Amino acid sequence: MDHKNITILKIGGSVITDKSANDGAAKMDEIKRIATEITGFEGKLIIVHGAGSFGHPQVKRFGLTGKFDHMGSIITHMSVRKLNTIVVENLNSAGVNALPVHPMGCVISEDTRIKDMFLGPIKEMLDNGFVPVLHGDMVMDTMYGSSVLSGDQIVPYLAIKMKADRIGIGSAEEGVLDDKGKVITSISTGNFNKLKEYLGESANTDVTGGMLGKVLELLKLSEQSNSTSYIFNASNAGNIRDFLKGKNIGTAISGT
Ligand SMILES: Nc1ncnc2c1ncn2[C@@H]1O[C@H](COP(=O)(O)OP(=O)(O)OP(=O)(O)O)[C@@H](O)[C@H]1O
Ligand SMILES: [Mg+2]
C-alpha cells in the first residue's frame, strides 16, 4: 500500500451554521475558530463541510429528494456554494491555502450514489500544497436529473479513492451517543445491530439521515478498506486541532 498521508476532515453543518434556521445562517465565530485550529497543519488535508441551514431546508422546501426541479437545484447549489465561499475565505485569512471544489461541477451520481468524480484537480491541489474544500451539494444524477449528495457520502468515497490515512467527522455531539447520552467509544459491524436503536436522524432538518446516515456511510467504508474513522465534537474548541495532531477522539468506526 502506498502511503500518501492524506487526512480527510468533515466539518458538520451543525457546527458552522445555525441548523435550526430555515435559510442560510452561518456561525461566523465558529468558522473563524475552526480555521485557526487548522492553521499550521502540515500534512495533506482534504476538507469536506456539511450544508446545515444552507442546504437541508432548501432541499426540503423544493422536495428535492426523489423529485427533479431546476429552480430548486440551482437555489440549493448557490446556497451551499455561499457557505463554501465563507469557509474558504476564512481558511485563507487564517493562513490555510484553501481552494473550493464544488461537487456539482465534478460528480455524477446514479440513484443518489456517486458514480464518477473527477479527482484530478484534487490530487494536483494536494501535490501543490493546497487544501481542497468540498461540501454537500446538489449534483447531476443519471436517474433523477439531479440529487442531493451528502458530505457524509463524499468522505468515504474520497477516503477510498485517495487512500486516506486519517478520517475525522466533526459534528455537534461528543460522538455517537447511547440511550443515556454517553459516548459509544467504538462501533463496528460486530456491535452495530445492537447499537443501532440508539441512532437516529437529526434533531434539526437533515435530509441525509443525521447520525444514523453518517454511521452507515462510515461502516460501509470500513467494510471496503481497513480504515478507522472518528466522529467527534467539532464544536468543542481544540478538538479539531487535537484530531489533526493525531489524537483519537469521540466514537471510532471500524470494520471489526
Ligand atoms: N445516537 C446519537 N448520537 C448523537 N447524535 C445523534 C444520535 N441520534 C441522532 N442524533 C442526531 O444527529 C445529529 C447529527 O447529525 P446532523 O446530520 O444533524 O449533523 P451534521 O452532519 O453536523 O450536519 P450536516 O449534515 O449539515 O453536515 C445530532 O445533532 C443529533 O441531533
Ligand atoms: Mg447530516
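Just so you know, these numbers come straight off a predicted model, no measurement behind them.

> Explanation requested: the site of ligand 1 in the structure shown.
Surveying the vicinity of ligand 1 reveals 24 residues, the closest of which are Gly13, Ser14, Ser202, Asp206 and Lys214. His56 is positioned such that a nitrogen or oxygen atom in its side chain is 3.1 Å from an oxygen atom of ligand 1. Between Ser171 and ligand 1, the recorded distance is 2.9 Å, taken from a side-chain N or O atom to an oxygen atom. When isolated, ligand 1 has an accessible area of 630 Å², and the protein chains bury 91% of it. Where the shell around ligand 1 is concerned, the elements lending two or more residues are helix 1 (13-16) and helix 8 (210-224). Broken down by element, the shell around ligand 1 gets its largest block of residues, three residues, from helix 8. For the shell around ligand 1, the per-class residue count stands at seven nonpolar, eleven polar and six charged.

> I would appreciate a short explanation of helix 6 (residues 151-161) in the present structure.
Along an α-helix, residues three or four apart share an orientation, since each turn contains 3.6 residues. The element helix 6 is largely enclosed, with a buried count of nine among its eleven residues. Here helix 6 has its buried residues at Gly151, Asp152, Gln153, Ile154, Val155, Pro156, Tyr157, Leu158 and Ala159. Sitting at the head of helix 6, Ser150 places a side-chain oxygen 2.9 Å from the backbone nitrogen of Asp152. Two residues or fewer past helix 6, Lys163 is found with a positive phi of approximately 50°.

> Sorry if this is basic, but what is going on with the packing of helix 2 (residues 28-38) against helix 4 (residues 70-93) here?
The axes of two packed helices give the description: the angle between them and the distance between them. Two elements in contact, helix 2 and helix 4, have axes separated by 9 Å at closest approach and are oriented at 45°. When the interaxial angle is binned, helix 2 and helix 4 end up oblique. Between helix 2 and helix 4 lies a crossing whose hand is right-handed. Where helix 2 approaches helix 4, its residues Met28, Ile31, Lys32, Ala35 and Ile38 are matched on the opposing element by Leu83, Ile86, Val87, Asn90 and Leu91.

> Explain the pattern of salt bridges to me, please; I cannot follow it from the model alone.
For the structure on display, the rule yields nine salt bridges. The partner of Arg113 in a salt bridge is Glu217, and the shortest N-O contact between them spans 2.8 Å. With Arg113 in strand 5 (residues 113-117) and Glu217 in helix 8, this residue pair connects regions lying 104 residues apart in the sequence. Taking relative accessible area as the criterion, Arg113 reaches 34% and is therefore assigned partly exposed. Between Lys247 and Asp242 there is a salt bridge whose closest N-O contact spans 3.6 Å. Among the charged side chains, a salt-bridge network with shared partners connects Lys10, Asp152 and Lys214.

> Sorry if this is basic, but what is going on with the sheet that holds strand 2 (residues 44-49) here?
The strands making up a sheet associate through backbone hydrogen bonding, with each pair oriented either parallel or antiparallel. Strands sit in the order 3-6-2-1-9-11-12-10 across an open sheet of eight strands; the sheet is mixed. Every interior strand has two partners, whereas the edge strands, strand 3 (98-100) and strand 10 (186-187), have only one. Across three bridges, strand 3 lies against strand 6 (residues 131-135) in parallel orientation. Residue pairing in the sheet places Ala98 in a bridge with Val131 of strand 6. Across the sheet, helix 5 (residues 120-127) touches strand 1 (6-11), strand 2, strand 3 and strand 6, and the angle it forms with strand 2 is around 130°. Relative to the sheet, helix 8 contacts strand 1, strand 9 (166-171), strand 10, strand 11 (229-233) and strand 12 (251-253), its axis offset from that of strand 11 by approximately 155°.

The rules behind each value
Numbers given for residues are sequential positions, taken from 1 along each chain in its written order. Numbering of ligands from 1 and lettering of chains from A proceed in the order in which they are written. Local features are withheld for residues below a pLDDT of 70 in this predicted model, meaning they are given only at 70 or higher, and side-chain atom pairs are given and counted only at 80 or more; totals for whole chains, interfaces and linings count all residues. Side-chain numbers here rest on the full set of heavy atoms in the structure, without hydrogens or water. Proximity criterion: a residue is near a molecule or strand once any of its heavy atoms comes within 4 Å of it. Any N or O atom pair separated by 3.5 Å or less is treated as a polar contact, with the protein-specific requirement of one donor-capable and one acceptor-capable atom, and with residues adjacent in sequence counted only for side-chain atom pairs. For the area figures, the Shrake-Rupley method with a 1.4 Å probe applies, and any residue is considered shielded solely by the protein chains shown. Runs of H or I in DSSP of at least four residues are treated as helices and runs of E of at least two as strands, each being numbered from the N terminus. Residues were grouped as follows: Ala, Val, Leu, Ile, Met, Phe, Trp, Tyr, Cys and Pro as nonpolar; Asp, Glu, Lys and Arg as charged; and all remaining residues, including Gly, as polar. To sort residues, take the accessible area from a 1.4 Å probe on protein chains only and compare it with the maximum for the residue type: under 20% means buried, over 50% means exposed, and anything in between is partly exposed. To obtain each axis, a line is fitted to C-alpha atoms, and for helices this fit is confined to the stretch in contact; angles are then taken between N-to-C directions over 0 to 180 degrees. Roughly parallel covers angles under 35 degrees, roughly antiparallel covers those over 145, roughly perpendicular covers 65 to 115, and oblique covers all other angles. By the definition used in this description, the sense in which the near helix is turned from the far one sets the handedness, with an anticlockwise turn below a right angle giving left-handed and a clockwise turn giving right-handed. We call two residues in contact when some of their heavy atoms are within 4.5 Å. By definition here, a salt bridge exists when the distance from a side-chain nitrogen of Lys or Arg to a carboxyl oxygen of Asp or Glu is within 4 Å. Pairs of strands are assigned from DSSP output, requiring at least two bridges between the strands.

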